[in-house]
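As a plain string of letters, each chain reads:
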Amino acid sequence: MPVNALKPYSFPAEDAEANFHGARLVYVGWDRHLMFATPYAWPLPPDLPFAAMTQGPMADAFSQHPDWAKIDWAAATWTKNGEAFVPDFSASLADNGIIHKDSLRFTTPGLTGIGGLGQ
Amino acid sequence: MTRAESSVFLALQANADTRELVEAILADNPHATLDEQPAMVRIIAPGTLTVHAATVAELLGRDYDLQEMQVNLISLSGRVDETDETFTISWAR
Amino acid sequence: MQMDLRTVAIAPRRQTFGHVARRLGADKSASRYQEGTWDMQSTGNFHYKPLWDPDFDHFDPARTELHMKDWYAFRDPRQFYYGAYVIARSKQQDVAESAFDFVETRGLAETLPKDIRALVLDLLLPLRHVAWGASMNNATIAAYGFGAGITQPCTFAAMDQLGIAQFITRAGLLLADPAALDTAKAAWLNDACWQPLRRVIEDLFVTQDWFELFVAQNVVLDGLLYPLIYRTIIDDGLTMRGGSAVAMLTQFQTEWAAETAKWADAQVKVAVAESADNAKLVTGWLAKWRDRIIPALMPVAQLALGSHADAALAEVADQWASRLVKQGVKL
Amino acid sequence: MDIQVAKKKLGLKERYALMTRGLGWETTYQNMDDVFPMDSFEGIRIHDWEAWEDPFRLTMDSYWKYQAEKERKLYAIVDAFAQNNGHLTVSDARYINTVKLFINALAPLEYQSHRGFGHLGRQLRGVGPRVACLMQSLDELRHAQTQIHAISNYNRYYNGMAEFRHHFDYMPYLQVPRSFFEDATAAGPFEFITAIGFSFEYVLTNLVFVPFISGAAYNGDMGAMTFGFSAQSDEARHMTLGLEVIKFMLEQDPANVPIVQKWLNKWTWRGVRVLTLVAMMQDYMLPKRVMSWAEAWEIYFEENCGALFRDLERYGIVMPPCVEQVRKERDHLSHMAWSQFYQGRGTNDFHTWLPSAEEMDWLSAKYPETFDRYYRPRFEYWAKLEAEGKPFEATGMPMQCQLCQIPMFFTEPGEPLVLAQRHRHHDGEQYHFCSEYCAEIFDDEPEKYIQSKIPVHQIFQGKQFPEGTDPTAEGFNPGAAVGAFLRLDPASTGNFVGSEDEANFNMWRGLTRSND
């Protein structure tokens, strides 16, 4: 249902990938670890290997949690925009089919936050 | 709760200027109750609340223009109907 | 007896807000006008284009051809922020209120010579529509102008003109009755002497450049109309013919016009001083609207002054022109 | 001399009509649709502007008189408060952070409202509604300026308020209130007045007013209480205007009802989303609490607005469906928000802190079903980290909702351990939302919301570096560059405990009580 305006009303998307100087926006959230209030956002090179993302920006953000060091990445499960997703850690983000503004969530079975309360 | 019973309220600053106004409103609206909060009074009533200029004037000992209430009025809930003599809030219209 | 009042002196971390200090050139204590006006309006990072005007941001310097390096060069010599404004107007309102009471309680309206009373009804009452048009035009500038430096005083001007329209209405009710207001409105819509002026005001309603509108309405139209009606015709003319009661009922307008002219002239001075382009633009607007408005005022002047209208209007136009010369305008 | 028949004294309504509607006329030299080009494109049909019922009948002479009286009283108290260092009488210096929130997030909205109502005061075809909007535009300028003048004194002694204008324009958390209001000012005139005149000024006004102004009074802040009460007295007129406009639209044409209902749904939701800041302030930032957010919601929404929407039922208007989700979020809202502001404290211009044991007990009592189970463990763990000298602080930038622009800390209604997310595609791009209701607002006008300046994205696009910055230069520190662009004073960020504000307040208060 297009917008109801007085004159023709169309504008370019403010967050098109081209505006990020070669980077690609990726969001990552750690399920049931609400000590981290929100998923985090990073501008990442599309050719960055998936593993490097987990060891780099994700580690910077999530390693403050005692569960982080215990993660068994093979057991972790992922979703992309809410749908099941199985990443290839050695491949790049692009080769993993991760496009601009994809929202990733990962769950770490057996690790359920502070006092097991999802925090 | 039918529409008539929905409550209306008038919130006024609690100061020297509103003493007689509050007294007059409570006198003219026996069904109203007074809720006193920090530096503010709320006069709540089911259905309708009417301020009569004449009653306020009598207590003040001078003429009273209902628009003077503007200065110390804080908030209200309900539909406003104004005449020279009365200021009424209600849902019953 | 020297009383040593000791209150605890604690050293403040700063005197005012950052944007105000930058405009003052140092962190100094600022006036309420400065803290309440400077940089109040956002100038960037707008989230959405308006559905009602997608070619511009809501606040957009491109809505006028005038260019200013600093839009807060427009300052109000009266230093009106809201508080100062309503307090000033409430004093003037007190004076007007007692004037209306005096005229009413002493029945001065009835003592007016018949011809004066008829003239006032014919001349003054239609002016409430002129004032309402001026209020609308200032509302346009206040809504779409750029920077609170110019939009704030135009908000006040819009409300002042509404107040003036309401004072004129009260005068009409005092001198006559509601029917007289309808007669005046019919004249405003149909009588030949009012049509040129009504056409000017309606053309201003659709003028797109808000600074052209500022020049046309606040500098040209009101700059000529108020001295003509309230000084030449009412204060000088009618009082000598037993119409002083009328001058009492229009004192607000007389004082207001003098005070507001100072503000309007000061904005022209700043605009033309900024650049040659601005000077050319503003001077062009002044000439364009002068050449439309003076002829439009002529039939109104004749209504009151008959054959003396030409000379009176010419004199008003000369005084107006000399006011502008002082602002650096070469008409 | 004929006996002058005493003139029939005009009633208030007639006299006011002569003083407003009587002034306007149908233009003939210009087409009315050119003079008023903006009041029909939204689909709202008005057949008879004369059916408008003037809410408060204040002519300019009375307006000037009563408003000047209010202003004299207000500035006398503001001056007295400043002269005898009234800020030192507040209950606890942490309260001053609610004043920072007020001047950064709310005072600029008053100015936006001034310009928005000024725009309507020129565009609505009916003279009555235009005069009412012009008067409200003037009132809103008053609110903006009285708030700035009252808070100017706080700004001289405490950090975080000096750059409130620049912060409102660019700081990430302040794009929540700013985009909320610009969504309304960018909309057509009828949607604007439904959004601000009715939903924000009528439905939600007490939810904003009580926490801030009664909260101020309750915490010994006479300055804020003064302008609050004084400003709020104008609100009574605005609330009445807002209610009158809604009824006027609904009575003019049945075709208007679904449009107004859609707006009520949108603006109740987007309004309550903005009030997340107020919920957080009420439950966590007021040292002496007036009432909890949950209690304020029950009184000022469920009770008052229940009566209001019952009154509107006759027109076919129903309570916005989103209220169901607001009820589910009611007992989580303030805790989620405070958790986000606590861990993001390095990037904001007001202090946060962990609730004390006593405060947590108050929260447990006010939120029996949620606080102990979902939030106390988080705060107690963070307190442990603080005690160990390793305070927890977020290092990543939050993902934000495309619509309300709030960091996506909201959990799925009914599933407090699952962060909510909704997803949409539009024109080859994808967008994320904190809730179904934000996503639905996007669906309705995608061409509008794809323009949003999402703060974190603007930073990643390099748009928030000082002019002339070269991000490719050796040793370029983006965080520092953004901090400089935002004029973020380091002393205003971080934990209240150990802050300059805390030290100064205690030192100054000590001066008033001891002899040096």
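Residues numbered from 1 in each chain as written. Chains lettered and ligands numbered in written order. Predicted model: local features only at pLDDT ≥ 70, side-chain atom pairs only at ≥ 80, totals over all residues. Heavy atoms only, no water.

Some words on the sheet that holds strand β2 (residues 40–44) of chain A
Argument step 1. On the basis of which strands lie adjacent, the open sheet formed by 6 strands has the order β4(A)-β3(A)-β5(A)-β1(A)-β2(A)-β1(D) and mixed pairing. Each having just a single partner strand, β4 (83–85) of chain A together with β1 (397–398) of chain D make up the two edges of the open sheet.
Argument step 2. Summarising the sheet, strand β1 (residues 24–30) of chain A and strand β5 (residues 102–107) of chain A pair through 5 bridges and their orientation is parallel. Residue pairing for β5(A): W30(A) is matched across the bridge by F106(A).
Argument step 3. Across the sheet, helix α1 (residues 50–62) of chain A lies against β1, β2, β3 (77–80), β4 and β5 of chain A, angled at about 135° from β2(A), the strand it touches most. (Pairing = 2+ DSSP bridges. Helix = DSSP H or I, 4+ residues; strand = E, 2+ residues; numbered from the N terminus. Contact = heavy atoms within 4.5 Å. Axes fitted to C-alpha atoms, helices over the stretch in contact; angles between N-to-C directions.)

Considering the interface of chain D and chain A
Argument step 1. On the chain A side, the residues contacting the 56 residues of chain D number 46 residues.
Argument step 2. Contact with chain A buries area across many residues of chain D, yet L417(D), F460(D) and Q461(D) alone supply 15% of it, more than any other trio.
Argument step 3. At the boundary of chain D and chain A, one finds 1 salt bridge.
Argument step 4. E14(A) serves as the salt-bridge partner of K463(D), at 2.5 Å between the closest nitrogen and oxygen.
Argument step 5. Across the chain D-chain A interface, the total number found is 27 residue pairs in polar contact (both at pLDDT 80 or more).
Argument step 6. Secondary structure elements with two or more residues in the side of chain D that touches chain A: α15 (333–343), α17 (371–387), β1, β3 (415–419), β5 (429–433), α18 (436–444), α19 (446–449) and α20 (455–460) of chain D.
Argument step 7. Among the elements that take part in the side of chain D that touches chain A, α17(D) stands out by supplying 6 residues, more than any other.
Argument step 8. Relative to β1(D), β2(A) runs antiparallel, the two being bridged by 2 bridges. (Buried area = accessible area lost by both parts, 1.4 Å probe. Salt bridge = Lys/Arg side-chain N within 4 Å of Asp/Glu carboxyl O. Polar contact = N/O pair within 3.5 Å; in protein donor to acceptor, adjacent residues only side chain to side chain.)

So, the interface of chain D and chain C
Interfaces are often described in size by the accessible area the parts lose on coming together.
Argument step 1. Taken together, the contact pairs 101 residues of chain D with 86 residues of chain C.
Argument step 2. Between chain D and chain C the total buried area reaches about 8,300 Å² when both faces are included, carbon and sulfur atoms providing 60% of it.
Argument step 3. The largest contributions to the chain D side of the interface with chain C come from W25(D), Y29(D) and W64(D), which together make up 11% of the buried area.
Argument step 4. At the boundary of chain D and chain C, one finds 4 salt bridges.
Argument step 5. R22(C) is the partner of E163(D) in a salt bridge, and the nearest nitrogen-oxygen pair spans 2.8 Å.
Argument step 6. Taken together, the connections running from chain D to chain C amount to 60 residue pairs in polar contact (both at pLDDT 80 or more).
Argument step 7. When residues in the side of chain D that touches chain C are grouped by element, the largest group, 17 residues, is from helix α5 (residues 127–157) of chain D.
Argument step 8. Within the side of chain D that touches chain C, the residues separate by chemical class into 40 nonpolar, 32 polar and 29 charged. (Nonpolar A, V, L, I, M, F, W, Y, C, P; charged D, E, K, R; others polar.)

What about the pattern of salt bridges?
Residue and element names in this part refer to chain D.
Argument step 1. Following the criterion strictly, the structure yields 73 salt bridges over all chains and no others.
Argument step 2. With its nearest N and O atoms 3.1 Å apart, the salt bridge here joins E324 to R327. In this pair, E324 and R327 both sit in helix α14 (residues 323–329), 3 residues apart, roughly one turn of the helix.
Argument step 3. Looking at E324, the relative accessible area reads 41%, which means it is partly exposed.
Argument step 4. With a relative accessible area of 33%, R327 lands in the partly exposed category.
Argument step 5. Linked through salt bridges whose partners overlap, the residues forming this network are K70, E71, D139, R142, D234 and R237. (Buried < 20%, exposed > 50% of the residue type's maximum accessible area, 1.4 Å probe, protein only.)

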